[in-house]
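Each chain is listed here by its residues.
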Amino acid sequence: MTEANENVEYASYAILYELSSRDFRRKLDFFPKELRYYFILASGIIGAENAKRMKEVPAGVAKDGEEFVSKLAAIADPNKDELFKGVLNTCLIETMKDELRCCCANCVRFNDCIDLPHLSVLGDLFRRRAEGEETDDVKKKIAGQIEGALAKTPYWEGEDADRLCPYFSHHYSLARLGELFGRYSEIGIGLQAAFGLDYAALKREMIALNMAFAEKAGGKCTTS
C-alpha cells in the first residue's frame, strides 16, 4: 500500500472514530449518572460481539474483543444485576437503530460526499496521532479537517436523510436486512446465555424495528 492510500485509509479511521465518539456521548445521555458505568460495560460487550461477526474486522481485534467481554462479564456480575441487563438490552436496540437510521453516515455515497479520496492530510494527521503524537496542535488540526468533511454531509446525525437528500441510498437494502437481524439475533441469544438477557422481549423489539424500517424503505431508504 502506498503512503497516499494509507493516508486515505487513516482518514476513514479518523471519520469513523469521530462519529463513534459523538454517538457514544449521545447515548451516554440516555442514562442517569449512576448507570453510566453499566452503559460503558454494555457498549464494550456489544461492540466486541459485533466485531467478531463482521468480516471487515481483523481476527486479532475480534479475539481481543472476546477476551475483553469475558473480563467484563466477571466485573458486571450479570446473574445478579437486573439493572445491568436492562442497560444491555437498551444498548443493543439502540445500536441496531443506529445501523438502520436514514442518515448520511449510513448512505452508500457517504465517502463520496466527504470526498474521502482527497482527505490525505487528515489521514496523515490521524496516523501521526495514532503513532503517539498526541499534541494539542495535531488534535486541533484533525478536528478542523473532520468538521470540514462532515459539513458536506449535513444529515449525518439525523434520521430523515431519505427525505432531505435526493441522492440518499441506505447501505442496507430490504434484501440485505435479514443479514443485520440475523447478526443481532445471534448476539441476543449469546447475551441471553451469558448475561440472562430477556431474548423474547428483545426479539419483539427487533421485529418492530424490522417492520418500521421496511415500511420506510418503501421509498428511497434502500438500495438495490
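Everything below is about the structure shown above.
Summary of the structure given here. Keep in mind it's a predicted model, so treat the numbers as computed, not measured. (Residues numbered from 1 in each chain as written. Predicted model: local features only at pLDDT ≥ 70, side-chain atom pairs only at ≥ 80, totals over all residues. Heavy atoms only, no water.)

Some thoughts on the overall build of the protein
Using the following cut-off: What counts as a helix is a DSSP run of H or I of at least four residues, what counts as a strand is a run of E of at least two, and both are numbered from the N terminus. Burial classes follow relative accessibility: with a 1.4 Å probe on protein chains only, a residue under 20% of its type's maximum area counts as buried, one over 50% as exposed, and anything between as partly exposed. Here a residue-residue contact requires only that any non-hydrogen atoms of the pair lie within 4.5 Å.
Per the secondary structure count, the protein includes 10 helices and 0 strands. When the helices and strands of the protein are read in sequence order from the N terminus, they spell out α-α-α-α-α-α-α-α-α-α. Burial statistics for the protein: of 224 residues in total, 42% are counted as buried. Long-range pairs, those at least 24 residues apart, make up 79% of the contacts in the protein between residues at least 6 apart in sequence.

A closer look at the packing of aromatic side chains
Each pair of aromatic rings is reported with the distance of its centres and the angle of its planes. To be explicit about the condition: We call Phe, Tyr and Trp rings a pair once their centres come within 6.5 Å, taking the six-membered ring for Trp, and we label the pair stacked below 30 degrees between planes, edge-to-face above 60, and tilted otherwise.
Using the criterion set out here, one finds 7 aromatic pairs in the structure. Centroid distance Tyr17 to Phe126: 5.9 Å. Interplanar angle 50°. Geometry classified as tilted. Taken together, the residues Tyr17 in helix α1 (residues 3-28) and Phe126 in helix α6 (residues 120-130) connect sequence positions 109 residues apart. On the basis of an interplanar angle of 55° and a centroid distance of 5.8 Å, the ring pair of Phe84 and Phe195 is categorised as tilted. Of this pair, Phe84 sits in helix α4 (residues 82-100) while Phe195 sits in helix α9 (residues 177-195), and the two are 111 residues apart along the sequence. There is no split in this pair, since Phe84 and Phe195 are both buried. Pairwise contacts between aromatic rings join Phe24, Phe30, Phe31 and Phe39 into one cluster.

A few points about the environment of Gly196
You can see Gly196 is positioned in the loop between α9 and α10 (199-216). Measuring from C-alpha to C-alpha, the distance between Gly196 and Glu82 comes to 8.9 Å, with 114 residues separating the pair along the chain. Setting aside residues up to four positions removed in sequence, Gly196 forms contacts with Lys85 and Leu191.

Some points on α4
Under the convention used in this document: An expected span of 1.5 Å times one less than the residue number is assigned to each helix.
With 19 residues, α4 should cover 27 Å at 1.5 Å per step; its first-to-last C-alpha distance of 28 Å lies within 8% of that length. Most of α4 is tucked away, with 14 of its 19 residues classed as buried.

Notes on the packing of α4 against α9
Stated precisely, the cut-off is as follows: Geometry is summarised by axes, namely lines fitted to C-alpha atoms with helices restricted to the contacting stretch, and by angles between N-to-C directions that run from 0 to 180 degrees. Relative orientations are named as follows: roughly parallel for angles under 35 degrees, roughly antiparallel for angles over 145 degrees, roughly perpendicular for angles from 65 to 115 degrees, and oblique for any other angle. Residues were grouped as follows: Ala, Val, Leu, Ile, Met, Phe, Trp, Tyr, Cys and Pro as nonpolar; Asp, Glu, Lys and Arg as charged; and all remaining residues, including Gly, as polar.
At a minimum axis distance of 12 Å, the contact between α4 and α9 shows a crossing angle of 170°. When the axes of α4 and α9 are compared, the pair comes out roughly antiparallel. Within the contact between the two elements, α4 uses Phe84, Lys85, Leu88, Leu92, Thr95, Met96, Glu99 and Leu100 and α9 uses Leu177, Leu180, Phe181, Arg183, Tyr184, Ile187, Gly188, Leu191 and Phe195. Split into classes, the residues belonging to the contact of α4 with α9 amount to 12 nonpolar, 2 polar and 3 charged.

Side note on the layout of surface pockets
This is how it is decided: Here the term cavity refers to a set of points on a 1 Å grid, laid over the protein atoms alone, in which a 1.4 Å probe fits but cannot get out; the term pocket refers to an open set having protein on both sides within 12 Å along at least five of seven lines, with lining residues being those that place an atom within 4 Å of a point. Grid points are joined across faces, edges and corners, and a volume is the space filled by probe spheres set on the points.
Reported here for the second largest pocket is a volume of approximately 290 Å³. Around the second largest pocket, the lining is made up of 13 residues, and of these Lys97, Leu100, Arg101, Glu159 and Leu209 lie nearest the centre. Secondary-structure elements contributing two or more residues to the lining of the second largest pocket are α4 and α10.

Comments concerning the state of the cysteines
By definition, a disulfide links the sulfur atoms of two cysteine residues through a covalent bond. For clarity, the cut-off: For this text, the term disulfide refers to a pair of cysteine sulfurs within 2.5 Å.
Under the counting rule described, the total for this entry stands at 0 disulfides. Unpaired in terms of disulfides, Cys107 finds its nearest cysteine sulfur in Cys113, a separation of 6.3 Å. Overall, Cys107 belongs to the buried group, its relative accessible area being 11%.

Section: unusual backbone geometry
Although it is not a glycine, Asp115 adopts a positive phi angle of roughly 60°. As for its placement among the helices and strands, Asp115 is situated in the loop between α5 (110-113) and α6. According to the relative accessible area criterion, Asp115 is partly exposed, its value standing at 27%.

A short note on the pattern of salt bridges
Here is the rule: We define a salt bridge as a contact between a side-chain nitrogen of Lys or Arg and a carboxyl oxygen of Asp or Glu at a distance within 4 Å.
Throughout the structure, instances matching the rule amount to 22 salt bridges. Between Lys85 and Glu82 there is a salt bridge whose closest N-O contact spans 3.1 Å. Placement of the pair is Lys85 and Glu82 together in helix α4, with a separation of 3 residues, close to one helical turn. One salt bridge in this structure joins Asp137 and Lys141, with 3.3 Å as the shortest N-O distance. Taken as a pair, Asp137 and Lys141 lie in helix α7 (residues 136-150) at a separation of 4 residues, close to a single helical turn.

In short, geometric facts, not functional conclusions.
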